[in-house]
Amino acid sequence: MTAPTPPLLHRRFPELVGTLPFLRLGEAPTPVQALDGLGTRGPLWVKDESGYGEGGWGGNKVRKLEWLLPDARRRGTRTLLTVGGLGTNWGLAAACYAREQGIDVALGLIDHPVDDHVRGQLDRLRASGATLHFLHSKTRLILAAPWLFARHTRGLRPPAYLPAGGSSPLGVLGAAEIALELGEQVAAGELPEPAWVVTAVGSGGTTAGLALGLRLAGLRTRVLGVVVNDTLPLDTRTLLGLARRSADLLRSRGADLTGVALPLPAETIRTETAWLGDGYAHPTARADAALARAASDAGLTLERTYTAKALAALQDLDAAGSLGDGPIVFLQTHGPREW
């Protein structure tokens with residue numbers, strides 16, 4: 001049996017091998033390929049995370065769990081408590097992969113519009129073994145927090161809390177790993193150095209991790225974060241702060257970041273909110289059009305909450321000329337699995 005490949009962060013900083021545990025949950029690196037037929041001014045590429053993950057769900061959420069789960073196991077955690085919307089990809093991935101590590105998951109869920117995808121996700125969540133708490137609103141979720149912690153305390157051990165999307169300084173390292181992979185693919189000549197990497201911003205961890213990882217990789221690429229969530233602060237300053245805390249975590253575990261361009265300058269991350277629509281998980285006509293064109297012209301399977309809105313923003317900003325003529329990488333983060 002072939003041994004799992006070590007993370008690039010461990011190769012880049014060998015001193016982290018003994019201080020920052022990692023659990024490989026998918027096959028790396030994920031592929032990059034040119035995207036033709038979407039009519040952009042300059043070259044468009046996709047880094048496709050949809051196939052990442054060997055469990056019950058895939059995509060970029062699995063990358064965060066590769067760092068979060070071994071840390072939880074090292075701490076003796078028996079239950080993870082986390083939160084999300086009714087159709088949470090994060091919650092489903094956490095439930096599927098934590099169960100394989102002997103760790104229970106409890107989810108606090110809040111309401112948002114329901115479509116066929118969300119109904120399917122709810123069925124998968126119920127089948128995942130996670131304990132589901134339907135709290136309906138963010139206010140009720142906050143008020144229920146003491147009860148949730150008490151309800152899921154086992155013996156004298158309370159549950160370990162993970163923020164929405166797994167976007168803690170540790171979870172951020174999952175997207176930093178994606179960026180380091182991209183750096184190696186640029187160095188190998190698989191694609192030119194991108195001017196932009198475009199991704200949806202749901203909880204901030206992917207955007208922050210990409211920004212940090214691109215600098216660790218020595219690339220000048222900027223990150224365009226298309227905000228799709230109106231329940232969290234996701235402005236550029238907040239995301240840069242999350243990237244900084246992740247860099248601080250690497251230092252605290254022994255990484256020598258001398259020579260890395262830190263702190264990240266403000267222009268490293270650009271956020272856009274005009275494609276949010278009426279709120280988180282609310283569909284928009286523009287995103288639906290991008291979803292349909294991605295399927296028909298590029299063979300990409302997107303969804304309405306995150307990736308379709310991100311692609312719609314990419315197309316509109318590119319058409320307006322505000323992204324320049326350099327290469328753009330679209331991060332495909334949607335990772336459905338058959339159940």
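All values derive from a computational prediction rather than experimental measurement. (Residues numbered from 1 in each chain as written. Predicted model: local features only at pLDDT ≥ 70, side-chain atom pairs only at ≥ 80, totals over all residues. Heavy atoms only, no water.)

Give me the sheet that holds strand S4 (residues 79–85): which residues, what numbers.
Ordered by their spatial adjacency, four strands build an open sheet running S6-S5-S4-S7, and the pairing between neighbours is parallel. Edge positions in the sheet fall to strand S6 (131–136) and strand S7 (160–161), since each has one partner strand and no second. Here helix H5 (residues 138–151) sits on the sheet and contacts S4, strand S5 (104–110), S6 and S7; the angle it forms with S6, its principal contact strand, is near 150°. (Pairing = 2+ DSSP bridges. Helix = DSSP H or I, 4+ residues; strand = E, 2+ residues; numbered from the N terminus. Contact = heavy atoms within 4.5 Å. Axes fitted to C-alpha atoms, helices over the stretch in contact; angles between N-to-C directions.)

Describe the packing of helix H6 (residues 173–187) against helix H7 (residues 205–216), naming the residues involved and giving the relevant values.
Where H6 contacts H7, the two axes come as close as 7 Å, and the packing angle between them is 40°. The angle between the axes of H6 and H7 places the two elements in the oblique class. Remark: the crossing between H6 and H7 carries right-handed chirality. Counted together, Ala175, Ala176, Ile178, Ala179, Leu180 and Leu182 of H6 and Gly205, Thr206, Gly209, Leu210, Gly213, Leu214 and Leu216 of H7 form the full contact between these two elements. Here the residues of the contact of H6 with H7 sort into nine nonpolar, four polar and no charged. (Parallel < 35°, antiparallel > 145°, perpendicular 65-115°, else oblique. Left-handed = near helix turned anticlockwise from the far one by under 90°. Nonpolar A, V, L, I, M, F, W, Y, C, P; charged D, E, K, R; others polar.)

Mind laying out unusual backbone geometry, listing which residues take part and the relevant values?
The omega torsion across Ala28 and Pro29 is 0°, close enough to zero to call that bond cis. Of note, the bond from Leu262 into Pro263 is cis; its omega dihedral lies within 30 degrees of zero at 0°. One non-glycine residue, His136, adopts positive backbone phi at about 75°. Note on placement: His136 falls in strand S6. Since its relative accessible area comes to 37%, His136 is described here as partly exposed. Unlike most non-glycine residues, Ala281 shows phi in positive territory, near 70°. With respect to the helices and strands, the residue Ala281 is situated in the loop between strand S10 (269–272) and helix H9 (285–298). Residue Ala281 is classed as buried on the basis of its relative accessible area, which comes to 10%. (Buried < 20%, exposed > 50% of the residue type's maximum accessible area, 1.4 Å probe, protein only.)

Just give me the short version of the pairing of strand S2 (residues 44–48), but keep the residues and values in it.
Here S2 lies mainly inside the structure; four of its five residues are buried. Strand direction decides the pairing type here: strand S1 (residues 32–34) and S2, joined by three bridges, are antiparallel. In the strand pairing of S2, Gln33 is matched with Val46. As defined by bridge partners, S2 adjoins strand S11 (residues 328–332) across five bridges and the pair is classed as parallel. Following the sheet pairing, Asp48 is matched in S11 by Gln332.

How would you sum up the pattern of salt bridges? Please name residues and give values.
Pairing is possible between side chains that carry opposite charge, provided their charged atoms lie close to one another. Under the defined criterion, the tally for this structure stands at 18 salt bridges. Arg11 is the partner of Glu184 in a salt bridge, and the nearest nitrogen-oxygen pair spans 3.2 Å. Pair noted here: Glu184 is in helix H6 and Arg11 is in helix H1 (residues 8–12), with a separation of 173 residues, a long-range link. What makes Glu184 partly exposed here is its relative accessible area of 41%. For Arg11, a relative accessible area of 52% puts it in the exposed group. (Salt bridge = Lys/Arg side-chain N within 4 Å of Asp/Glu carboxyl O.)

Outline the sheet that holds strand S8 (residues 196–201), supporting the account with residue identities and numerical values.
With mixed pairing, six strands are arranged side by side in an open sheet as S1-S2-S11-S8-S9-S10. Edge positions in the open sheet fall to S1 and S10, since each of these has one partner strand only. Sheet twist, expressed as the average angle between the axes of neighbouring strands with direction ignored, equals 25°. In this structure, S8 lies alongside S11, joined through three bridges in parallel fashion. Residue pairing for S11: Val198 is matched across the bridge by Phe330. Where H7 meets the sheet, its contacts fall on S8, strand S9 (222–227), S10 and S11, and the angle it forms with S8 comes to roughly 155°.

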